[in-house]
Amino acid sequence: MTLALETTDLKVQLRLADGWFTACELSALTPGRGVAALLPDGRQVALFRDRADRLYAVDNRDPFTGAAVLSRGLTGTHEGRPFVASPLLKQRFDLATGECLDDASARVTAYEVRSV
């Protein structure tokens, strides 16, 4: 038996310098798991949807290793702040701001996200 993804008209969009970019369908995001998407300039973004249906997007590149892996990281919260932990060295990045919760000298770009 094969299950098909739920299809919906809702799209996930990121605000880039030149306007809104459609990254994927909302149904492609499973709460608690990340998805990588390619931006028009060739960079990658990690998209997340939490269990309360809030959307987040940060650079997919881990600044500590240079690997594009944040979309495969574990999500959670620390003192009310949603984060993704890198699957490599486990540094945690705030999904709303991009700030590294474990090393104030590092951060990733966080994007404004909407579903339309």
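This text goes with the structure placed above it.
About the criteria used
Residues numbered from 1 in each chain as written. Predicted model: local features only at pLDDT ≥ 70, side-chain atom pairs only at ≥ 80, totals over all residues. Heavy atoms only, no water. Pairing = 2+ DSSP bridges. Helix = DSSP H or I, 4+ residues; strand = E, 2+ residues; numbered from the N terminus. Axes fitted to C-alpha atoms, helices over the stretch in contact; angles between N-to-C directions. Phe/Tyr/Trp six-rings, centres within 6.5 Å; stacked < 30°, edge-to-face > 60°. Lys NZ or Arg CZ within 6 Å of the ring centre and 35° of its normal. Buried < 20%, exposed > 50% of the residue type's maximum accessible area, 1.4 Å probe, protein only. Core = buried A, V, L, I, M, F, W, Y, C linked by side-chain atoms within 4.5 Å. Contact = heavy atoms within 4.5 Å.

**Q** What exactly am I supposed to notice about the sheet that holds strand S10 (residues 113–115) here?
**A** Note on sheets: strands pair through backbone hydrogen bonds, and any given pair is parallel or antiparallel. Spatially, the three strands line up as an open sheet ordered S2-S1-S10, and their pairing is antiparallel. In this open sheet, the two edge strands, each paired with only one partner strand, are strand S2 (19–25) and S10. Averaged over all pairs of adjacent strands, the angle between strand axes in this sheet comes to 30°, irrespective of strand direction. Pairing of strand S1 (residues 11–16) with S10 involves three bridges; the strand directions are antiparallel. The residue bridging Gln13 from the neighbouring strand is Arg114, located in S10.

**Q** Whenever I open this one, the packing of aromatic side chains confuses me. Can you help?
**A** When we look at a pair of aromatic rings, we describe it by the centre distance and by the angle of the planes. Taken as a whole and assessed by the stated rule, the structure comprises one aromatic pair. Lying across the ring of Phe83, Arg92 places its NZ or CZ 5.5 Å from the centre. Across the ring face of Trp20, the terminal group of Arg114 is positioned such that the distance to the ring centre comes to 3.9 Å.

**Q** Teacher, can you tell me more about the sheet that holds strand S9 (residues 110–111) here?
**A** The four strands are arranged S3-S4-S5-S9 in an open sheet whose pairing can be described as antiparallel. One side of each edge strand has no neighbouring strand; the edge strands of this open sheet are strand S3 (34–38) and S9. As paired strands, strand S4 (residues 44–49) and strand S5 (residues 55–59) are joined by five bridges and run antiparallel to one another. The residue bridging Leu47 from the neighbouring strand is Ala57, located in S5.

**Q** Is there a simple way to explain unusual backbone geometry in this structure?
**A** Glycine aside, a negative phi is what most residues show, and trans is what most peptide bonds show. The backbone of Asp53 shows a phi angle near 65°, a positive value even though the residue is not glycine. Within the secondary structure, Asp53 is located in the loop between S4 and S5. Its relative accessible area of 48% is what places Asp53 among the partly exposed residues. Positive phi, close to 75°, is recorded for Lys90, a residue that is not glycine. Tracing the sequence through the fold places Lys90 in the loop between strand S7 (81–85) and strand S8 (92–94).

**Q** Even after reading the chapter, I still don't get the pairing of S3, so can you show me in this structure?
**A** Relative to S4, S3 runs antiparallel, the two sharing five bridges. Residue pairing across strands places Val35 opposite Leu47, the latter belonging to S4.

**Q** For this particular structure, what's the right way to read the nonpolar core?
**A** For soluble globular proteins, the rule of thumb is that nonpolar side chains tend to be buried together. Residues Val12, Leu14, Val45, Leu47, Ala57 and Tyr111 are the most contacted members of the largest nonpolar core, which totals 14 residues. Of all the secondary structure elements, the ones that give two or more residues to this core are S1, S4 and S5. Broken down by element, the residue count for this core peaks at three residues, all from S1. What Val45 contacts, discounting residues up to four positions off in sequence, is Leu14, Val35, Ala36, Ala37, Leu39, Ala57, Val58, Asp59, Asn60 and Tyr111. Tyr56, Leu70, Phe93 and Leu95 belong to the second largest nonpolar core, which has eleven residues in total.

Function cannot be read off these values alone, since they describe shape.
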